[in-house]
Amino acid sequence: MAAKETTVKARLRVALGQCSEEGRKPINQDFHGAYLPDEPQLSNKGIVVALADGISTSTVSQVASAAAVRSFIEDYYCTAESWTVKTAAQRVLTATNSWLHAQTRRSEYRWDKDRGYVCTFTGMVFKSRTLHVFHVGDARLYRATGDGLEPLTREHRTWVASDRSYLSRALGVSEQLEIDYLAVPITAGDRFLLMTDGIYEYLSEARMSAILAEHENDLDAAARALVEAAYESGSDDNLTVQVVRVEEVPLGHAGELHGGDSALPFPPQLEPRMCFDGYRIVRQVHASQRSHAFLAVDLDTTERVLLKTLATELREDPAHVERFLMEEWIARRIDSPHVVKAYRAERRRRYLYSVTEYIEGCTLAQWQRDNPAPELEAVRTIVEQVARGLRAFHRLEMVHQDVRPENVMIDDTGHATLIDFGSVRVVGIAESRPGQDGDLLGTAAYTAPECFLGEPATPRSDQFSLAVMAYRLLTGALPYGTQVAKTRTRAAQHRLAYHSALAVNRDLPPWLDEVLKKALHPQPERRFEALSEFTHELRKPSAMFLKKSRPPLLERDPVLFWKGVSAVLLGIVLFLLLE
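Along each chain, the written sequence defines residue order, and numbers are assigned to residues from 1. Local features in a predicted model are, by the rule used here, given only for residues with pLDDT of at least 70; side-chain atom pairs are given and counted only at 80 or more, and totals for whole chains, interfaces and linings are based on all residues. Water and hydrogen atoms were dropped before computing side-chain values, which therefore reflect all heavy atoms in the structure.

A.B. asks: How should I be thinking about the overall build of the protein chain in this particular structure?
C.D. replies: Helix and strand definitions here come from DSSP, where helices need a minimum of 4 consecutive H or I residues and strands a minimum of 2 consecutive E residues; each element is numbered from the N-terminal end. A count of helices and strands for the protein chain gives 17 helices and 22 strands. Overall, the protein chain is about 105 × 85 × 50 Å in size when its C-alpha atoms are taken along their principal axes. Put simply, of all contacts in the protein chain between residues at least 6 apart along the chain, 67% involve residues at least 24 apart. Surface accessibility of the protein chain: about 28,200 Å² in total, with carbon and sulfur atoms responsible for 51%. Charge counting follows a simple rule: Lys and Arg are positive, Asp and Glu are negative, and His as well as the terminal groups are ignored. Note that the charge is assigned to NZ on lysines, CZ on arginines, CG on aspartates and CD on glutamates. For the protein chain, the centre of its 69 positive side-chain charges and the centre of its 78 negative side-chain charges are spaced 6 Å apart. In what follows, a contact means two residues having at least one pair of non-hydrogen atoms within 4.5 Å. Areas reported here follow the Shrake-Rupley algorithm with a probe of radius 1.4 Å; residue values treat only the protein chains shown as occluding.

Next comes the structure, spelled out in structure tokens:
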């Protein structure tokens, strides 16, 4: 089969100019850096530009500045590809702040923090069509517009007199760090100017705009001209400038996430006993509208694997091809005994397909058919295992979005494993694809109500799906029947009526029904804060549930309540008539 035709998509591209001088000071305590990666890091993580400024009262703050910029650039690219820019950058900065603060605590400056390992920091991350800004201190970031310069940051400086001030925020000052964060949409032609106070305190915005316009085609020359102009204007501080111009932005795609796999041809029709790309096909395991799965044997290692191909009718749809490729990309990044693992063969692939470990067993849906009235302990054990798998997703800022019995495998030992990542939402990639974050991808009967309103799924959405699965294992029914998928407004969702599990299975402890009801609340903020809290209370209810009094008859059975009231009133009327 011939290779698929590919189109060249626009990629993120910037031009950069930088200059840094010690000026009239004996040493340069500023430090700056940038990293413009190739694919796949360009699409996965973006471009980083960073600037740190040491404080004049410290003789070691240049060490802090260098450490802050270097660690931000190096460590940011080591964070999980599935994390958002905000999560990754803030965790790196928090770790850097802790390290700098610890260095001061271990040094001779532990009682005088202004002389310790302290610096300001401003970092820019250009990813897809957004600039992410992280700011602590008094550097300044401008966006050049047709009307001049627009400041995007504010100085964290407290003034105690007209000529005296001190930094109110900086890296390394305290164990706690508060970071200003800003997300700015970008387009081709946008220009950004990042500088220390040695520049902007001595040059007007009009002067800086004029210099920028004069050297429009040479950003390094523009940066040097700004430094020289500030020096000539009497600046007595270090002088550092970074100028960035956005040359090209992607068209809403994440880019080359799959190392060129998307350019591979689709495989031929697979049949039992057929040898294919180093595998021997044993039999077809599953077929759906989205994909076909086969049990296969690796001819090199004799290991049994699950080989999956995209359904023929979806091969011309780029969105389905991309999501199919994402499944294995996700599996390679999650390490949990309760999540199916990707299989890595030594040889290079010649076709587009995915391979995972083969799990001997049955789906939870089949297990439920074989065990129509399972013991409560068995259900708890399965739910806890699936929750551990989901937490592995959530730690990497991923949401499964399709938790249901058909996507859970149970082996002969009762071990549960999550499979099928075709609906997984990767938050770090979703932020690169505006307009695609509210797609409804899960199975309607298990999907959380907020997803039907177009809201992006969150870990609490997975909690709802897991609770539906637990409810169905215990009762054989759905907690809201089929009404959830029909309620497409918030007002309609507020009218959803929970069907008590006790009405179907009276052997359940009453408090367990309350736990399920909370996890299944139509409003995500009313559910448990964490999956671990939900699974813990399935075994050991909180004091709140144990102390909760039984609801009045009016709440438990309104019809019976009003029948009783009517009977009492009828009795009173008859008594009065007989009198």
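A.B. asks: Quick question: what am I supposed to make of the nonpolar core here?
C.D. replies: Membership of the largest hydrophobic core comes to 91 residues, with the highest contact counts inside it found for Phe72, Ile330, Val386, Leu516 and Phe534. With residues up to four places along the chain from it excluded, the contact list for valine 386 reads Val403, Val408, Ala416, Leu418, Leu466 and Met469. In terms of nonpolar packing, the next biggest core, distinct from the first, is built from 24 residues, Cys19, Ala144, Met195 and Leu203 among them. Residues enter a nonpolar core if they are buried and are Ala, Val, Leu, Ile, Met, Phe, Trp, Tyr or Cys, with the set joined through side-chain atoms within 4.5 Å. For the exposure calls, accessible area comes from a 1.4 Å probe over protein chains only, and a residue counts as buried if that area is under 20% of its type's maximum, exposed if over 50%, partly exposed in between.

A.B. asks: Looking at this model, I keep getting lost on the sheet that holds strand β14 (residues 279-287). Mind explaining?
C.D. replies: Sheet strands pair via backbone hydrogen bonds, and the direction of the pair is either parallel or antiparallel. We call two strands paired when DSSP finds no fewer than two bridges between them. With antiparallel pairing, five strands are arranged side by side in an open sheet as β13-β14-β15-β16-β17. Looking at which strands have only one partner, the edges of the open sheet turn out to be β13 (275-276) and β17 (354-357). Direction of pairing for strand β15 (residues 291-298) relative to strand β16 (residues 304-310): antiparallel, over a ladder of seven bridges. In the sheet register, alanine 293 faces β16, and the bridge partner there is lysine 308. Axes, fitted as lines to C-alpha atoms, cover a helix only where it is in contact. Angles between the N-to-C directions of the axes lie from 0 to 180 degrees. Packed on one face of the sheet, helix α7 (residues 318-331) meets β16 and β17 and runs near 165 degrees to β16.

A.B. asks: Would you explain helix α14 (residues 531-539) in this entry?
C.D. replies: The α-helix winds at 3.6 residues per turn, so residues separated by three or four positions along the chain end up facing the same way. Looking only at α14, the buried set comprises Leu531, Phe534, Thr535, Glu537 and Leu538. Down the axis, α14 shows its buried residues gathered within 165 degrees of arc, on one side only. This arc is built from the directions going out from the helix axis to the C-beta atoms.

A.B. asks: Quick question: what am I supposed to make of the sheet that holds strand β11 (residues 191-195) here?
C.D. replies: An order of β1-β12-β11-β6-β7 is seen for the five strands of this open sheet, with the pairing classed as antiparallel. Both edges of this open sheet fall to β1 (13-21) and β7 (148-151), since each of them pairs with a single strand only. Ignoring which end each strand starts from, the neighbouring axes of this sheet average 25 degrees apart. When strand β6 (residues 140-145) meets β11, the two strands line up antiparallel, connected through five bridges.

A.B. asks: Hey, could you run me through the packing of helix α11 (residues 459-475) against helix α13 (residues 510-519) in this one?
C.D. replies: Two quantities define a packed helix pair, namely the angle between the axes and the distance from one axis to the other. Packing of α11 against α13 leaves a shortest axis separation of 8 Å and a crossing angle of 145 degrees. Two packed elements cross with a definite hand, and for α11 against α13 that hand is left-handed. Between α11, through Gln463, Phe464, Ala467, Ala470, Tyr471 and Leu474, and α13, the contact on the second element is made entirely by Leu512, Leu516 and Ala519. Residue composition of the contact of α11 with α13, grouped by class: eight nonpolar, one polar and no charged. Crossing handedness is defined as follows: a turn of the near helix away from the far one that is anticlockwise and smaller than a right angle gives a left-handed crossing, while the clockwise case is right-handed. Amino acid classes used here: Ala, Val, Leu, Ile, Met, Phe, Trp, Tyr, Cys and Pro are nonpolar; Asp, Glu, Lys and Arg are charged; the rest, including Gly, are polar.

A.B. asks: Just checking my understanding: could you explain the packing of aromatic side chains for this structure?
C.D. replies: Here the distance between the centres and the angle between the planes together describe a pair of aromatic rings. Centres within 6.5 Å are what make two rings of Phe, Tyr or Trp a pair, Trp counting through its six-membered ring; a difference in plane orientation under 30 degrees is then read as stacked, over 60 as edge-to-face, and the rest as tilted. Following the criterion strictly, the structure yields 15 aromatic pairs and no others. Taken together, a centroid distance of 6.5 Å and an interplanar angle of 10 degrees make the contact between phenylalanine 464 and tyrosine 480 stacked. Of the two residues, phenylalanine 464 sits in helix α11 while tyrosine 480 sits in the loop between α11 and α12 (490-494), which places them 16 residues apart along the sequence. Here the two residues phenylalanine 464 and tyrosine 480 agree in accessibility, since each one is buried. Measuring from ring centre to ring centre gives 5.9 Å for tyrosine 471 and tyrosine 498, while their planes differ by 70 degrees; the resulting arrangement is edge-to-face. Pair noted here: tyrosine 471 is in helix α11 and tyrosine 498 is in the loop between α12 and α13, with a separation of 27 residues, a long-range link.

A.B. asks: Sorry if this is basic, but what is going on with the confidence of the model for the protein chain here?
C.D. replies: Low-pLDDT portions of the prediction should not be read for the details of their coordinates. Of the residues in the protein chain, 92% have a pLDDT of 70 or more, and the chain-wide mean is 90. Confidence scores per residue from the predictor, reported as pLDDT, run from 0 to 100. This model gives residues 1-8 a pLDDT under 50, and the stretch forms 13 contacts once residues within four places in sequence are excluded.

A.B. asks: What should I look at first to understand a nonpolar patch on the surface in this one?
C.D. replies: Only residues whose relative accessible area exceeds 30% and that take part in no salt bridge are eligible for patches, with like-charged residues grouped when within 9 Å of each other and nonpolar side chains (Val, Leu, Ile, Met, Phe, Trp, Tyr) grouped when within 5 Å. Between Lys or Arg on one side and Asp or Glu on the other, a salt bridge is scored when a side-chain nitrogen of the former is within 4 Å of a carboxyl oxygen of the latter. Among the surface-exposed residues, Val568, Leu569, Ile572, Phe575 and Leu576 lie close enough to one another that they form a single nonpolar patch of about 510 Å² accessible area. As for its position among the elements, valine 568 is in helix α17 (residues 558-578). Overall, valine 568 belongs to the exposed group, its relative accessible area being 53%.

A.B. asks: Explain the packing of helix α5 (residues 205-214) against helix α6 (residues 219-232) here, please?
C.D. replies: At a minimum axis distance of 9 Å, the contact between α5 and α6 shows a crossing angle of 145 degrees. Here α5 runs over α6; the crossing is right-handed. Contacts from Arg207, Met208, Ile211 and Leu212 in α5 reach Ala222, Ala225, Leu226 and Ala229 in α6. Class assignment of the residues belonging to the contact of α5 with α6 gives a composition of seven nonpolar, no polar and one charged.

A.B. asks: What is the right way to look at unusual backbone geometry in this model?
C.D. replies: Peptide bonds are, in most cases, trans, and in most cases residues other than glycine have a negative phi. Looking along the chain, the bond that leaves glutamate 39 and enters proline 40 is cis, with omega of 5 degrees. Position of proline 40 among the secondary structure elements: in the loop between β2 (30-35) and α1 (41-44). Of note in this structure, threonine 302 is not a glycine but carries a positive phi near 65 degrees. Its location among the elements puts threonine 302 in the loop between β15 and β16. What makes threonine 302 exposed here is its relative accessible area of 61%. Of note, aspartate 420 is a non-glycine position whose phi angle comes to about 60 degrees, a positive value. You can see aspartate 420 is positioned in the loop between β21 (416-418) and β22 (425-426).

A.B. asks: Help me understand the side chain of glutamine 242 in this model?
C.D. replies: Relative to the helices and strands, glutamine 242 is located in strand β12 (residues 239-248). Residue glutamine 242 is classed as buried on the basis of its relative accessible area, which comes to 0%. Polar contact criterion, stated in full: a pair of N or O atoms within 3.5 Å, where within protein one must be able to donate a hydrogen and the other to accept it, and residues adjacent in sequence count only if both atoms are side-chain atoms. Reaching out from glutamine 242, the side chain makes a polar contact with the side chain of glutamine 18 at a distance of 2.8 Å. A polar atom in the side chain of glutamine 242 sits 3.3 Å from the backbone oxygen of glycine 33. Apart from the residues within four sequence positions on either side, glutamine 242 is in contact with Gly17, Gln18, His32, Gly33, Val49, Ala50, Leu51, Phe192, Leu193 and Leu194.

A.B. asks: What's the story with a negative patch on the surface in this structure? I'm lost.
C.D. replies: Taken together, the side chains of Glu21, Glu22, Glu228 and Glu232 make up a negatively charged region of the molecular surface. Relative to the helices and strands, glutamate 232 is located in helix α6.

A.B. asks: How should I be thinking about the side chain of aspartate 237 in this particular structure?
C.D. replies: Along the polypeptide, aspartate 237 turns up in the loop between α6 and β12. Among the polar contacts listed, one links the side chain of aspartate 237 to the side chain of lysine 25, at a separation of 3.4 Å. Beyond its immediate stretch of four places on either side in the chain, aspartate 237 contacts Glu22, Gly23, Lys25, Asp197 and Gly198.

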